[in-house]
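The lines below spell out each chain.
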Amino acid sequence: MPLYQYIVRRVLFAIPLVLGITVVAFLIANAIPADPINANLPQSALNNERLVQAFREKWGLDQPLHVQYLTYLGNLLRGDMGVSIRTNQPVLDDIRQFLPATVELATTSILVGLLLGVSFGIVSAVWRNSPVDYLVRVVALIGVSFPVFLLALIGLSVLHAQLGWTAGPGRLGFLVSRPPHVTGLYTVDALLAGQWATLRDALWHLVLPSLVLGMYVSGIIARITRSSLLEVLSSDYIRTARAKGQREAFVILRHGLSNALIPVVTLLGVLYGNLLAGAVLTEAIFAWPGIGRYAYRASTSQDFPAIMGVSMLIAFIYVVANFIVDFLYFFIDPRIRYA
Amino acid sequence: MIAPVAAPKVVASSSARRRLRQLRRQPAVIAGLVVIAAWFALAALAPVLAPYEPLEQNIQQRLQPPNETYLLGTDELGRDVLSRVLHGGRITIPAGLAVVVINSIIGWLVGAVAGFAGRLWDEVMMRVTELFMAFPTIILAMAVTAALGPEIRNAVLALIIVRWTNYARLTRGLIIEAKTHEYVDAARALGAKNPYLLFKTLLPNTIAPVVVYGSLDIGNAILLFAGLSFLGLGPEPSSPEWGRMISIGIHFFDQWWMWLFPGLAIASLVMAFNFIGDGLRDMLDPRTRA
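Parameters at a glance
Residues numbered from 1 in each chain as written. Chains lettered and ligands numbered in written order. Predicted model: local features only at pLDDT ≥ 70, side-chain atom pairs only at ≥ 80, totals over all residues. Heavy atoms only, no water. Helix = DSSP H or I, 4+ residues; strand = E, 2+ residues; numbered from the N terminus. Buried < 20%, exposed > 50% of the residue type's maximum accessible area, 1.4 Å probe, protein only. Contact = heavy atoms within 4.5 Å. Areas by Shrake-Rupley, 256 points an atom, 1.4 Å probe, with all protein chains shown as cover. Lys, Arg positive; Asp, Glu negative; His and termini not counted. Charge placed at Lys NZ, Arg CZ, Asp CG, Glu CD. Phe/Tyr/Trp six-rings, centres within 6.5 Å; stacked < 30°, edge-to-face > 60°. Lys NZ or Arg CZ within 6 Å of the ring centre and 35° of its normal. Patch = residues over 30% accessible without salt bridge, like charges linked within 9 Å, V, L, I, M, F, W, Y side chains within 5 Å. Salt bridge = Lys/Arg side-chain N within 4 Å of Asp/Glu carboxyl O.

(A) Here's a closer look at the overall build of chain B. Secondary structure assignment for chain B yields eleven helices and zero strands. Going residue by residue from the N terminus, the α and β elements of chain B occur as α-α-α-α-α-α-α-α-α-α-α. Seen along its three principal axes, the alpha-carbon backbone of chain B occupies a region of about 75 × 45 × 30 Å. Taken over 290 residues, chain B has a buried fraction of 53%. Partitioning the intrachain contacts of chain B with sequence separation of at least 6 by distance along the chain shows that 70% fall at a separation of at least 24. A total accessible area of about 12800 Å² is found for chain B, and carbon and sulfur atoms account for 64% of it. Charge separation in chain B, taken as the distance between the mean sites of 25 positive and 20 negative side-chain charges, equals 12 Å.

Right, here's the structure in full:
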């Protein structure tokens, strides 16, 4: 199957999914008993019929459900996600403001996790049942079993407060000026502006949160890499490669790993979505001004336009991430090209 | 954030008993079982074992580090951390169990109907399942809990709404496989109607893997519940729930005992479940066996 045909097929598959996502997000935000009135109007205004009525009319809460949904969908197609009830700003603007911080963190975390996880997995599979294997497996198990907020607290307490090896909470130190806004990713913006001190500080602040989230990712990746590599290494073509007299490292990395990584690649899309969502838990601790904190605040004030916006956005990123993964497959796994 | 755990491939075979014996020989599995049993016992006996009442305040003794009177220290209102951690299990463990049990029932039903009815039913139900899977669990659960109001019951309900999908996919596969066996044709030939086939013929033959998967999933459910609770979307602030204790503890960062001990409680319990899960996977998947 040629590449363009493959892409078109994938996109067509994604459309009903994206539409479905809007329906689910809408239903959860609307078909639920709690009334945003209670969360967003002061107590004194609740008894005032006219104020309540005006609030309902302003936000379209007096319309039947399907009308509300169609209006919402129509606005969405025009890039309008509604106005956040809490911040009184368009949800899209809010997201634009908060998303880059989260994307920056999720990206560095997945890189850290991938690097650590794959190395752990290889070591663990090659020296199976050795003390190193057990050590790696326990570390991986900690990564998937400890709540991220606990790892974050332990990291801050030991690495930052006790040892001073890493920066504390926040994206930049107090005295460091923000780089001019281009992408919203401080590292990239600082690089573009040539502000080396800012770049160093931004990276410095990324170390600890990326390590914490990376630990979770590496736990999952190490486990998958290990079992997948073990399976591959017991296959016939590995025996053939060894029989040909190839060096062991070449056999493991070239023949073994490149085949063993396919399930890891499959997971990356899911993991990236998980990381964006998991930001809800870590951003609170690292005072990271990202989408997670925004979502959390929105949900505690029943700010439905914002909640819908964020959950749809993350679901959408999830769909796109998996789309990219499918795209990677095309290059990694030759079987797809001839299917 | 929860690890997407692949459903274990459970092979029904005559050597099941031998394998169970193997399982019992794995030290990691035994350690896991011991820790879980210990937590269940501690939670059940918390009212007897706890040296203080979990809600009992003693302002003069607030923020005490671990010492002889308060083994794990006291919190910002002078409540005993040890007693609270012990009582916390009484909330978190039943919550995790409830989520998993109801998830497996809903998941089994959806997956069984999809796999059994096939065609359009299958298509529709599986697309709906995928839809739910596209939402990151914690965000969706957060939206649901936020809308329903922060309460233990609502946090559990939210997790039930968002987490049945893996069970449905697992069951669907099992049913499709089981359907091809001759005993199903035999039952049908004897005049069995669809509900009978589903609940009397197919249920007993597909339930074991679902139960196994569910028991491994308890750890994940507990992590998520603690996460919601950490966000303030579960039990009320004074509740001795582990996630809630941590979320209050972060405001007292230097009083590490306030957040470390409830955190270790969650971690040890989840890790114990994962130990058993790993043991089961190693045993059931011959490819990774030594």
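Back to the write-up after that little detour.
(B) How the structure looks around the packing of aromatic side chains. Considering all chains together, one arrives at ten aromatic pairs over all chains under this definition. Here the aromatic rings of Trp108(B) and Phe199(B) are separated by 5.9 Å at their centres, their planes lie at 45°, and the arrangement is tilted. Pair noted here: Trp108(B) is in helix H3 (residues 81-117) and Phe199(B) is in helix H9 (residues 194-230), with a separation of 91 residues, a long-range link. Relative to Trp259(B), the ring of Phe253(B) has its centre 6.0 Å away and its plane inclined at 15°; by these criteria the two rings are stacked. The class for Phe253(B) is partly exposed, based on a relative accessible area of 24%. You can call Trp259(B) buried: its relative accessible area is 2%. If you follow Arg171(A) out to its NZ or CZ, it ends over the ring of Tyr186(A), 3.7 Å from the centre.

(C) Focus on a nonpolar patch on the surface. All names here are of chain A. Among the surface-exposed residues, Tyr 4, Val 8, Val 11, Leu 12, Ile 15 and Leu 19 lie close enough to one another that they form a single nonpolar patch of about 590 Å² accessible area. Tracing the sequence through the fold places Leu 12 in helix H1 (residues 3-30). By relative accessible area, Leu 12 is classed as exposed at 55%.

(D) Seen up close, unusual backbone geometry. You will see that Ala287(A), though not glycine, has its phi angle at about 45°, which is positive. Position of Ala287(A) among the secondary structure elements: in the loop between helix H13 (262-285) and helix H14 (291-300). Here the phi dihedral of Arg119(B) falls at roughly 45°; this positive angle occurs in a residue that is not glycine. Checked against the element boundaries, Arg119(B) lands in helix H4 (residues 119-134).

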